[in-house]
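# Topology and contacts: notes
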Amino acid sequence: MTINCVVIDDEYPARILMKEYIGQLAHLKLLGTFANPIKALDFLHDQAVHLIFLDIQMPELTGLEFINALKTRPMIILTTAYADYALEGYKLDVVDYLLKPIQFDRFYQSVAKARGLLALKSKAAINEKSAQYDASDHIVVKADRKIYRVLLEDIYFIQGLREYVTFYTVQGKIISLDSLKRLEKTLPDSRFMRVHKSYIINKLKVESLQGNTLIINNSNIPFSKNLKDRILKEVFG
């Protein structure tokens, strides 16, 4: 994963050194360097930054004041010539504290720590998103000696043929031994509707109505004439 970063330091040689170090690591992308922390704050409003290399002693705004001014806080690695600020910096939950003059091996260790934390956050976000799908968000489909977890939002429509049904989904077709009658009772009617003896549709996926057919993902789905008013109300109303 590419880590977008910025450098904020009022000392020109320090900015040049950090730029050189960042350029040696392929997974770091430098979006900008700033001598003035106030200008950096403006930049952060419009850019997705993962990591900030931040000096503490600056005239316009100290690094610690800068951290407190952030509305959304990226990961921060403090850089300073003064070891006295280390404890206060860690109270603000920074990733690391680099003491000037900064050596590349120490810089690399800090970046590796930040990279690990970012990976953990990304994994946690994926797990949280996955956990949001409860029993009402999916249907279990048995097909091809496999068990599929099909999200309701991914289903375009379902076609029945004798003792089999075919699920047309975002990922493709799944053919299962099942019946439209059972599915009609199982699927939430807030989202799904049986419009024909051979079809159940996802009402949210309907693109248009033409004559006695519904257009869903470039497929023509016939519907019973006596259902037209209900379809107009529930799908297009």
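Residues numbered from 1 in each chain as written. Predicted model: local features only at pLDDT ≥ 70, side-chain atom pairs only at ≥ 80, totals over all residues. Heavy atoms only, no water.

### Description of the pairing of strand β15 (residues 219–222)
By the bridge criterion, 4 bridges tie strand β14 (residues 213–216) to β15 in an arrangement that is antiparallel. If you follow L214 over to β15, its bridge partner there is I221. The turn linking β14 back onto β15 is made up of 2 residues, and N217 within it adopts a positive phi angle of 50°. (Pairing = 2+ DSSP bridges. Helix = DSSP H or I, 4+ residues; strand = E, 2+ residues; numbered from the N terminus.)

### Remarks on a nonpolar patch on the surface
Judged by side-chain polarity, Y164, I175 and L177 come together as a nonpolar surface patch covering roughly 320 Å² of accessible area. If you trace the backbone, Y164 turns up in strand β9 (residues 164–169). (Patch = residues over 30% accessible without salt bridge, like charges linked within 9 Å, V, L, I, M, F, W, Y side chains within 5 Å. Areas by Shrake-Rupley, 256 points an atom, 1.4 Å probe, with all protein chains shown as cover. Salt bridge = Lys/Arg side-chain N within 4 Å of Asp/Glu carboxyl O.)

### Looking at unusual backbone geometry
The peptide bond linking K100 to P101 adopts the cis configuration, its omega dihedral lying at -5°. You can see P101 is positioned in the loop between β5 (96–99) and α5 (104–131). One non-glycine residue, R145, lies in the positive phi region at around 60°. Its location among the elements puts R145 in the loop between β6 (138–143) and β7 (146–151). The phi torsion at R162 lies on the positive side, around 55°, for a residue other than glycine. Note that R162 resides in the loop between β8 (155–161) and β9.

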